[in-house]
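Now for the letters of each chain:
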Amino acid sequence: MYSYIVRRLAFGLVTIFAVSVLVFAILRILPGDPLVAIFGMEGFTKLSAADRASYMAQLGLSDPLWLQYLHWMRDIAGGNLGHSFFRSESVGEMIARRGPLTAEIALFSVALSWIVGVPVAIVSALKPNSIADNVSRFFSIFFLAVPGFWLGMLIVLFLLFVFGYKAPLAGASLFTDPVANLQIIVGPAIVLGLGQAAYIARMARSSLLEVIREDYVRTARAKGLSRRPVISRHALPNALLPVITLSGILLGFVLAGSIPVERAFGTPGLGYSMFTAVYERDVFVMQNLVFLYSIIFVLLNILVDLTIAWLDPRIRYR
Amino acid sequence: MTAAEPDSPLALEAIATAAKPTGPRRVGRGLRLFARRSPMSAFWGCIAALIIIVTVAAPELVPYDPLKSDFRAMTKPPTERHVFGTDQIGRDVLSRVIYGGRASLTVAIGAVAFGTTLGALWGLASGFLGGRFDLISQRIIEFLQSFPDLILAMAIAMALGAGFGTVIVAIAITRIPFGGRVIRAVVLSLKEMSYVEAARGVGASRLRVMLRHILPQCVAPYLILATTHLGVAIVIEAALGFLGVGIPPPTPTWGNMLADSLNAGLVPPWWLVLFPGAAITLTVLAFNLLGDGIRDILDPRLRSAV
């Protein structure tokens, strides 16, 4: 098990290095001048060549690329994530202030996806092609197709029209002001959770259908156990292994999905700042946030792999 | 959910085993079989075809110019004259939704034709050639997959600047690893088949085996993959448009129409929100169900499981 963990972590480090190079390459080397982003196309054309050069030097953009990359890595190692072009708050402060909200949304949505998805899958798999099965399959297909941010906009509109209700706009911590905090996260968490629940239900259903056909399940039934304990104790644990993997991957996608969803709800989380950074073409903020999100994504995948290895001896003893 | 498209082992397997010979003469019979075997998918296939026809024929069909504002009818709810209402500068929402479909579908089809195809060819080469090329390809694909696809597309679209071509490129790049992995898995299983061995045995060159014996078998899984990727690409495009890094206004797309609706005052008028989003949902639903249907027909063994 330990050699597996070490190998997995070493590969994770290599991946994070490759990801940092890729992020850097995409946001720095590709065409598109950051000065155009700061000053706008018109402002940019009015700048003299000397002005442009001095601004670029100020931003550290006139160094050779490898040096810029090293500086970036040095800054990150020193905990300095840089400043926005447009705001006084540093990126580090922004992450500390807004990150928890997005993390809460992500975790709540994952919990919700299991609470909704797994029971639906069990009902579906126990009676394939029954009415309940078809209804739940239709809903899961439907929620795979609905864009979360649109659903979010509809929910906001509905609450506003019917109840005249609007979630508080200012960020609130779970510990100091739990009521306001929950009001903020519940909308995005439900939307993102339903989206994931559709995947979870689909996966858990097909996986359960496969496991139910296995010999050991038939043996358990043959020795006289009734249906319920066979499903819950023999079939379900094995059937949920691929669902855990999927859920980990989905959690990563939820981080990305929360960007438009937070925009739709006006949630003051990290996804919203990602939207602002993209909207304002704020290259440095974007670079650090994309890198942060990818690191989380890579770590999540490692965590999932290790969990599976821990749960499934077949992988551990390879 | 946005562009989440985790390739579950089951889906991979379904696509991997879905290789059956097809010929142009059997297309007609195949379509009839398709309609009989899974009427639901055939129905949604018709919807998908209808959406494509409507968007292609948009200039003939739309009641108004999608870019022309009418200052006497600004932010008006649906009426008989404007069935889907008008936006804040008096443009007809129905016309804009239809034209929006044109932009969204062009981007989606372009991204799939470019990204999924490139990924598939890459997967074909790396699966067939194996060895060091395969090893390196696998690593590159894994690195590309260490970004959630929406974030990768956002970063690329932002770096390249907004526009039709850049959005297509940004989405296409996110499709490459998925195409690569699926087709590679198909090729790996095909390589072990005895007919491939036989072709090698009678002296066919590696290139010939790859192009004449393996490639045709990849067409069916590629089609399944492309159909599902169309749906994903439409959602990513909408999200990019919604976040302001998609195709820039005034060209209407479903995503930037939704973004626009948020600028229409404190509370977005419901018709500006409802119709573009419903169009996205309907289109994605149609392509997803069509894809499911194609998979079921090409690999009936999985019908009860998926």
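The structure presented is a predicted model; accordingly, all values stated were derived computationally and were not measured.

Caption draft 1: Expanded view of the interface of chain A and chain B. With 64 residues of chain A in contact, the opposing surface of chain B contributes 57 residues. For the pair chain A and chain B, the two sides together bury roughly 5,100 Å², of which 78% comes from carbon and sulfur. Put simply, chain A and chain B have zero salt bridges between them. In this assembly, chain A and chain B are joined by one residue pair in polar contact (both at pLDDT 80 or more). Of all the secondary structure elements, the ones that give two or more residues to the side of chain A that touches chain B are helix H1 (2-29), helix H6 (131-145), helix H7 (148-163), helix H8 (178-212), helix H11 (241-265), helix H12 (270-279) and helix H13 (283-311) of chain A. A per-element tally of the side of chain A that touches chain B places H11 of chain A first, with twelve residues. A per-class count over the side of chain A that touches chain B returns 47 nonpolar, nine polar and eight charged.

Caption draft 2: Structural view of H11 of chain A. Residues and elements named next belong to chain A. With 25 residues, H11 should cover 36 Å at 1.5 Å per step; its first-to-last C-alpha distance of 33 Å lies within 8% of that length. Largest kink in H11: about 35°, centred on serine 258, with the proline proline 260 one to four residues after it. Counting buried positions along H11 yields 21 of 25 residues, so the element is predominantly enclosed. One or two steps after H11, the chain reaches glycine 266, where phi turns positive at roughly 70°.

Caption draft 3: Broad picture of the nonpolar core. Core analysis: the largest hydrophobic core is formed by 136 residues, its most contacted members being Leu27, Met274 and Met286 of chain A together with Met154 and Leu240 of chain B. By residue number, the principal contributor to this core is H8 of chain A, which donates 13 residues. Once residues within four sequence positions are removed from consideration, methionine 274 of chain A is found in contact with Ile259, Met286, Leu289, Val290 and Tyr293 of chain A together with Ile151 and Met154 of chain B. By size, the runner-up hydrophobic cluster in this structure holds 14 residues, among which are Val187, Ala204, Met210 and Ile214 of chain B.

Caption draft 4: Structural view of the packing of helix H5 (residues 93-129) of chain B against helix H10 (residues 206-243) of chain B. At a minimum axis distance of 7 Å, the contact between H5 of chain B and H10 of chain B shows a crossing angle of 145°. In this structure, H5 of chain B meets H10 of chain B at a crossing whose hand is right-handed.

Caption draft 5: Looking closely at the side chain of glutamine 145 of chain B. By the secondary structure assignment, glutamine 145 of chain B is in the loop between helix H6 (131-144) and helix H7 (149-160). According to the relative accessible area criterion, glutamine 145 of chain B is buried, its value standing at 16%. A polar contact of 2.6 Å, which involves the side chain of glutamine 145 of chain B, links it to the side chain of arginine 181 of chain B. Not counting chain neighbours up to four residues away, the residues in contact with glutamine 145 of chain B comprise Phe297 of chain A together with Pro177, Phe178 and Arg181 of chain B.

Caption draft 6: Spatial organisation of the pattern of salt bridges. Inspection of the entire model under this criterion finds eight salt bridges over all chains. Salt-bridge contacts for arginine 8 of chain A lead to aspartate 305 of chain A; the nearest nitrogen and oxygen are separated by 2.6 Å. Of this pair, arginine 8 of chain A sits in helix H1 while aspartate 305 of chain A sits in helix H13, and the two are 297 residues apart along the sequence. Under the relative-accessibility criterion, aspartate 305 of chain A is labelled partly exposed at 25%. Across the salt bridge formed by glutamate 142 of chain B and arginine 139 of chain B, the nearest N and O atoms sit 3.3 Å from each other. In this pair, glutamate 142 of chain B and arginine 139 of chain B both sit in helix H6, three residues apart, roughly one turn of the helix. A relative accessible area of 29% places glutamate 142 of chain B in the partly exposed class. Accessibility expressed as a relative area gives 33% for arginine 139 of chain B, which makes it partly exposed.

Caption draft 7: How the structure looks around the confidence of the model for chain B. Residue and element names in this part refer to chain B. Confidence along chain B averages 80 in pLDDT terms, with 87% of residues attaining 70 or more. The lowest-confidence element of chain B is helix H1 (residues 9-16), averaging 50 in pLDDT; the highest-confidence one is H5, averaging 89. With pLDDT under 50 throughout, residues 1-10 is counted as low confidence; its partners more than four residues away or in other chains account for 43 contacts. Under a pLDDT of 50 for its full length, residues 300-306 has, in the predicted model, 20 contacts with residues more than four places off or in other chains. Taken together, the chains of this predicted complex give a pTM of 0.84 and an interface ipTM of 0.84.

Caption draft 8: View of the packing of aromatic side chains. Following the criterion strictly, the structure yields 14 aromatic pairs over all chains and no others. Pairing phenylalanine 24 of chain A with tryptophan 72 of chain A gives two aromatic rings, centres 6.1 Å apart and planes at 25°, and the pair type is stacked. One end of the pair, phenylalanine 24 of chain A, is in helix H1; the other, tryptophan 72 of chain A, is in helix H4 (residues 65-77), with 48 residues separating them in the sequence. Since its relative accessible area comes to 5%, phenylalanine 24 of chain A is described here as buried. On the accessibility criterion, tryptophan 72 of chain A (7% relative accessible area) is buried. The interplanar angle of 75° and the centroid separation of 5.5 Å between the aromatic rings of phenylalanine 43 of chain B and tryptophan 44 of chain B together place this pair among those described as edge-to-face. Through a chain of ring-to-ring contacts, the aromatic side chains of Phe24, Tyr69, Trp72 and Phe291 of chain A assemble into a single cluster.

Rules of the game
- Counting of residues starts from 1 at the beginning of each chain's written sequence and follows it residue by residue.
- Each chain takes a letter, starting from A, and each ligand takes a number, starting from 1, following the order in which they are written.
- Totals for whole chains, interfaces and linings use all residues, but because this is a predicted model, local features are given only for residues with pLDDT of at least 70 and pairs of side-chain atoms are given and counted only at 80 or more.
- The side-chain values count all of the structure's non-hydrogen atoms but skip hydrogen atoms and water molecules.
- Every residue pair with non-hydrogen atoms within 4.5 Å of one another is taken to be in contact.
- Buried area is calculated as the accessible area (1.4 Å probe) missing from two parts once they are joined, with the contributions of both summed.
- Take a side-chain nitrogen of Lys or Arg and a carboxyl oxygen of Asp or Glu: if they are within 4 Å of each other, that pair is a salt bridge.
- Identification of polar contacts relies on pairs of N or O atoms within 3.5 Å, with a donor-acceptor requirement for protein atoms, meaning one able to donate a hydrogen and the other able to accept it, and with residues adjacent in sequence counted only if both atoms are side-chain atoms.
- Secondary structure elements follow DSSP: runs of H or I no shorter than four residues count as helices, runs of E no shorter than two count as strands, and numbering proceeds from the N terminus.
- Classes in brief: Ala, Val, Leu, Ile, Met, Phe, Trp, Tyr, Cys and Pro nonpolar; Asp, Glu, Lys and Arg charged; the others, Gly included, polar.
- Multiplying one less than the number of residues by 1.5 Å gives the expected span of a helix.
- Think of it this way: the bend at a residue is just the angle between two axes, each fitted to seven residues, one set ending at that residue and the other starting at it.
- Burial classes: relative accessible area under 20% of the type maximum marks a residue as buried, over 50% as exposed, and values in between as partly exposed (1.4 Å probe, protein chains only).
- Only buried residues count toward a nonpolar core. Its members are Ala, Val, Leu, Ile, Met, Phe, Trp, Tyr and Cys residues joined through side-chain atoms within 4.5 Å.
- Axis definition: a line fit to C-alpha positions, over the contact stretch in the case of helices; interaxial angles, taken between N-to-C directions, run 0 to 180 degrees.
- A clockwise turn of the near helix away from the far one marks a right-handed crossing, whereas an anticlockwise turn of less than a right angle marks a left-handed crossing.
- pLDDT gives the predictor's per-residue confidence on a scale running from 0 to 100.
- For this analysis, a ring pair means two rings from Phe, Tyr or Trp (six-membered ring only for Trp) whose centres lie within 6.5 Å, classed as stacked if their planes differ by under 30 degrees, edge-to-face if by over 60, and tilted for the remaining angles.

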